[in-house]
Every structure is written in structure tokens, then in C-alpha cells.
Amino acid sequence: MTATFERGINSFKEVLDAPIASFFASCVHCGLCAESCLFYTETGDPQYTPIHKLEPLRRTWFQEYTLLGKLAKLAGLSKPVTDDELAAWEPLVYDSCTMCGRCSMVCPVGNDLTYMIRKMREGMAASGHAPEGLVTATTRAITSGSPAGVKWVTVQAQIRRMEKQFGFTVPVNQANVDYLVLMSSWEILNYPEYLGAVGRIFKQAGATWTLSETAYEATNSGIQIGASDLARELVARIVKAAEELKVKCVISPECGHAYTAIRWEGPNLMGRPFGFEVKHILEVIDELHGSGRIKLQGSIDKPLTYHDPCQISRRGGVYEQPRALLKELAPQFREMNDSGTMNWCCGGGGGVGANERAEPLRLVSFKRKKAQIEELGVDTLVTACANCRVIIEEALEHYHMDVEMLGLTELVADHLEESAS
Amino acid sequence: MSGLELLTWARGPGLALALAIGLFGIVLRVFEIQALGRKADFAKARAITPGSGWRTIVSRSLPPPGMLKRAPLTYLGGYVFHIGLAIVVFGFAPHIELIRGLFGIRWPGLPNLFVDAATVAAIAAMLAVLVGRLTDPVKRLLSGFGDWLAWTLTFVPLLTGYAAFHHLMENYTLLLALHILSVELLLAVLPFTKLFHVVSLFMARWYNGDIAAKKGVAA
Ligand code: SF4
Ligand code: SF4
């Protein structure tokens, strides 16, 4: 479907629901959401105030769904939203918002601004005002199966490499297993160790698992761009594979937005609950560890900290598990100021990382994380999202910071008790 | 119209009119919001969660960690104003008397000296947040006619009330009439300005808390 202004406005009207109406109706213009958003705190530019990013959606609500707004529109006191305005808002809605959810924790009247921005993106995409980079990634995901254009042969190459390195077979298209393992493009391209780590953990736990040739990619740029139809198509691939293979649980990889996409948005995109469970890999590891199916040994003897990926922690509810694991693995584990559900974003979530135009702003916004790391004085940063990891590694290099990044899943796999495996 | 006539009108038809418009407005606006509905959520909620909509209704009254330091004026000004106003509205004996006359419920009043101090504090806080609104670039960007209107509509009742209590004008009757009229204006306009947050924030906080709670987060 071609994008038109009219489609955009219709989509705005469609996404407006009671929660959003209550949010807009409640805003007291206190500006506190700005103080919670790294794009404002690191630039001091008021245009990055979260509620301001929603202005066209707010006016649509006001003019369409309130008596006062209808009258104001008739009297010419409330300007209609224009296509030019949407174009002007594109950088605010996409480049300066990672949908990190921090503002939603802070707004004193309780506005879930992130929820609104996610919905607003539907109208932005429908009106043709989504960033080029994201549109390309989404189109590629639909045609080739992965936003980065990762083909199954690439996955196969990684499989062979991991099998050789660790001496186990990676099951492919196996039915009736416990887990269907997904990966993000980053894990396939940059961090193949993830697959090796998962394989080692499951081997020790004696869990059955599989990859699927038709559904290996968990990244869902359809959601980041705000195109529910495309997002649905991407989720449907995973659902189909999971149902055909009759797996008990689908595991979202170390990627925050992938987790949100399949765990929280997936069933709603499909319009029905799933017959299988969806878990983040950290939840699975924590369960296996808690029930004694995997045992850990040794520890990392240096001060380190954990970067909470927003979608996994604040927007996903997985914040205790990594801490339980790290407490055991790293006696010198330290918390950053503002951690857990109040963490600061890496600056590259919500499609910002895939949006080239946003790069300079993203690097400025990273100053928040930089300050957090420096305050703590650690030079090892553990995380559980491949996207955060790529974004942070890039920014660390940009700022000439000598900090090592580790994925938690690998860290666990590297500390499995040998006698037990 | 003399001061007494005005006062009589304000206490009788004026009050009835203001309450009627205010109530109608609130019902209308709540309906406008709820009529939009909410889609069913098919994602399986976490069985164990520290959060809930109800929790957020209460917890969002406190600043999240680190925020007080980032925006002290907004938080402290907000607290002093809201608490001060609540003390004045619900603690001043003549106000309680009025509420008893209207709804038949009553509670003991607070000492006048205390209420007086609360009034001064609320007025000072309002002036402070006004300066904040005029000088802070974020608040300036967000502010429009509605914000200045809401501020004025809230400020005038406090000021006239304070002036009446201290007999700062010779014509006490007129001052009292103006005080009551300003409150009535506030009541009538409340649903159609950002002052409506006194009602809608319960919905907003509940939705926010509910959305987060499903994911296992206390928002
Ligand atoms: S924090 Fe909430 S009430 Fe304050 S300006 Fe932002 S959205 Fe509005
Ligand atoms: S979700 Fe995060 S990045 Fe987006 S406006 Fe809110 S605080 Fe800023």
C-alpha cells in the first residue's frame, strides 16, 4: 500500500484509544518527561521533550475525539495537522526516541509516553514519514527473511563453525522439542558465540532445542518503524514454525526489541494468544540454574556492571534474573546509578541504531551511559542485548573508552561446571 | 448590583450553575475518553508482578529515584502547592461548612493559623512555578493559552480567599462574593482545561501501571 497523508491521519485516528486519551487529557505541561529522556538531558534541546514528540497525534485526538477540540477546529483556533508538519516531526518521532520507556516511569500524571510513540509511528509510517534506513531494513526483512539480509546459508556457516568448536550438533527443524531458538541479525553476523553458548547451556541442562530454517531471525523492524502489517508478517513466520514444530517455548535472543516484538506485541499482532510460551534467554537460563539443571563454577575476578537493555528490563520485566546470575559469577558486580527499571538507554534502541541520519545525535545521547560507566570506574560492561552491545561498542570506540563488553549468555556458558557437562 | 446581591447570587444560582457545568463537563470528558475503548491484550501477563494500576495511582505521587535532584522546583513547588491547596480547601472551617450544606458530610476543621500558613505557602509556590514556567525552555515550549488560563483560574481564588480572610479590602461582602465567584469559574472550567488532570490522572496512572504490571514491572 502506498503511503499517503490521509492514510497517516486515519491511522492516528485508529490507534487513539482510551489510555492515550487519558494520557493527553492529563498532561499538565510540567516538563518532567524531558528530564527523564536522554535525548533532552544530553542536548538540553527542548524539542526532544517526550510529550512534544507527540504533538501531531495529540492534536488529532483533540480535534477528532473531544467536543472542545471539534469546536476549536471549527472556529479555526486549533490548526489541522498537515503533511509538512508530519515531515518536520519525523526526526523527533524516530531519531530522538528509542522507545526506552524511561519517560513513562517518570511522568507524574502517569502518561505512558512510550506507548503513545509506538502507536504514533503507525501513522508516521502510513503517511510515508518513516526514516529511509528503517524502511529499507523492513522491506529486506520481508523479502529475504532478515532486516540485515542474513540468509540461511550464513546461519548454516555459523552452525558448522560452532559445531566444530564445541563438539555438539545444532538441531535444525526438530519437532517436539522444548525450545525454538531465535537469533537477531547481530548475533548471526557479529556474535556467533551466542549460538555456541546456547548449545553448551542446553547440553548441560539436557534440554531439547532446535533452530528453524524458516524462522531464525527475531529482529522485527516492522515494529520499530510502526508498520503493524509488516510486523505481523514477520511474527507470523515464527509462530508458524513454532506451531509446526510443536515446541513448548520460543526463546527470544539477547535482543531487546525482538523480545518486545514476539513476547508482548506478537500475540496482539496475530490477534490471538500463543499456544507456546515465549521467554527471553535470560529467563530460561535463570530457570535452568534455579532448578539445578545447570551448574556454574568459577568467577570473574574484576569489577563489572550490568547494562539493562530497556526492552528486557523496564519494558520486559527481566531485571532480577541477570542480577541473580551475576551475583554468582561476579563477586565484584556493581550497580550503576539508575539501574534496573530506571536504567538509561544505550541510545540506539527502537530503530535508532538502524537510522543513519540519527547517528550524530545517538553519539551525543551516549554521554549519559558514558557518565554512568565513568562514575562507577569499571572497565567491563555486561549486557543481554546484541543491539545494545553493538551500539555501546561503537560509542566506546568513538569516545576512546577502554571498556570491554560481554554478553551474559556467553558468560554463563563460559562458567558452566565442567564435570556436570 | 451591590456586593450583597452578588454574594447572594454567587451562593445560590451561581453555585448551582457552576456545579452543574462542572459535573456535566466531567461526565462528558470521562465519556469521551472511555468511549475510545481499549483493545484486548492477547499477550500472556506475568503471573507474578510487583506492579498494578492501583499501585501506580499511589506510587506516581512520589518522584522516581534521581528525579527530585533533576527538577527540584517542579517537584517541591508542585508538592507545596497541591498540599497547601488541599489544606485550604478541605481544612478551612467555612469550606467544610459549605461542603456539609451541599453533601451532608463533615469533618473537623484545622486551626485558622495553620490554614493561613498553607494559603501563603500555596500562593508562594504558585508564584515560584510561574517563574519556572516563564523561564524554563521546556515548559515555555509546552505552554500555551490554556496553561496561563489554568494558572490564573487557580490563583485568583487563593488570592481573594486570603484577602477576604484578612479583610484586606474594605468591602468584605464584595470580596467574599468575588472569592466565591472565582471558585465557581474554576469549577465550571475545570473539565475543559488541563485542570481536568485532577480526574483523568487516575485513569492515566492506572493504565500506565496496568501496562507495566503485565510485563512484571512496577511503574
Ligand atoms: S511529564 Fe507528563 S505531565 Fe509532565 S509534560 Fe511530560 S507528559 Fe505532560
Ligand atoms: S521512550 Fe525514552 S527515548 Fe523515547 S521519549 Fe521516552 S525517554 Fe526519550
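Just above sits the structure.
Residues numbered from 1 in each chain as written. Chains lettered and ligands numbered in written order. Predicted model: local features only at pLDDT ≥ 70, side-chain atom pairs only at ≥ 80, totals over all residues. Heavy atoms only, no water.

**Student:** Sorry if this is basic, but what is going on with the site of ligand 1 here?
**Tutor:** Neighbouring ligand 1 are 14 residues, the closest being Cys27, Cys30, Gly31, Cys33 and Cys107 of chain A. At the site occupied by ligand 1, the surrounding residues belong to chains A and B. Looking at the shell around ligand 1 residue by residue, the classes come out as 11 nonpolar, 3 polar and no charged. (Near = heavy atom within 4 Å. Nonpolar A, V, L, I, M, F, W, Y, C, P; charged D, E, K, R; others polar.)

**Student:** Could you clarify how one ought to interpret a nonpolar patch on the surface in this entry?
**Tutor:** Residues and elements named next belong to chain B. A surface patch of nonpolar side chains, amounting to about 530 Å² of accessible area, comprises Leu19, Leu98, Leu102, Phe103, Ile105 and Leu187. In terms of residue count, helix 5 (residues 93-103) provides more of the nonpolar patch than any other element does, 3 residues in total. Along the polypeptide, Phe103 turns up in helix 5. A relative accessible area of 57% means that Phe103 is categorised as exposed. (Patch = residues over 30% accessible without salt bridge, like charges linked within 9 Å, V, L, I, M, F, W, Y side chains within 5 Å. Areas by Shrake-Rupley, 256 points an atom, 1.4 Å probe, with all protein chains shown as cover. Salt bridge = Lys/Arg side-chain N within 4 Å of Asp/Glu carboxyl O. Helix = DSSP H or I, 4+ residues; strand = E, 2+ residues; numbered from the N terminus. Buried < 20%, exposed > 50% of the residue type's maximum accessible area, 1.4 Å probe, protein only.)

**Student:** What's the story with the interface of chain B and chain A in this structure? I'm lost.
**Tutor:** How big an interface is tends to be expressed through the accessible area that disappears when the partners come together. With 50 residues of chain B at the contact, the number on the chain A side is 61 residues. Taken together, the two surfaces of chain B and chain A that pack against each other cover about 4,400 Å², and 61% of this comes from carbon and sulfur. At the junction of chain B with chain A, the criterion picks out 3 salt bridges. In this structure, Arg46 of chain B engages Glu283 of chain A in a salt bridge whose closest nitrogen and oxygen atoms are separated by 2.9 Å. Linking chain B with chain A are 24 residue pairs in polar contact (both at pLDDT 80 or more), by the criterion used here. Where the side of chain B that touches chain A is concerned, the elements lending two or more residues are helix 1 (3-34), helix 3 (67-70), helix 4 (72-91), helix 7 (137-142) and helix 10 (197-214) of chain B. Sort the elements by how many residues they give to the side of chain B that touches chain A and helix 10 of chain B lands first, with 10 residues. Residue classes in the side of chain B that touches chain A are distributed as 27 nonpolar, 8 polar and 15 charged. (Contact = heavy atoms within 4.5 Å. Buried area = accessible area lost by both parts, 1.4 Å probe. Polar contact = N/O pair within 3.5 Å; in protein donor to acceptor, adjacent residues only side chain to side chain.)

**Student:** Help me understand the packing of aromatic side chains in this model?
**Tutor:** When we look at a pair of aromatic rings, we describe it by the centre distance and by the angle of the planes. Residue and element names in this part refer to chain A. The tally for this structure, following the rule as stated, stands at 15 aromatic pairs over all chains. Ring plane angle 5° and centroid distance 4.9 Å describe the contact between Tyr179 and Phe202, whose orientation is recorded as stacked. Note that Tyr179 is positioned in strand 1 (residues 179-181) and Phe202 in helix 13 (residues 193-205), a separation of 23 residues in sequence. You'll find Tyr179 and Phe202 in the same group, each marked buried. On the basis of an interplanar angle of 20° and a centroid distance of 4.8 Å, the ring pair of Phe274 and Phe276 is categorised as stacked. The buried category is assigned to Phe274, whose relative accessible area is 14%. In textbook terms, an aromatic cluster arises when at least three aromatic residues are bridged by ring pairs, as seen for Phe24, Trp61 and Phe62. (Phe/Tyr/Trp six-rings, centres within 6.5 Å; stacked < 30°, edge-to-face > 60°.)

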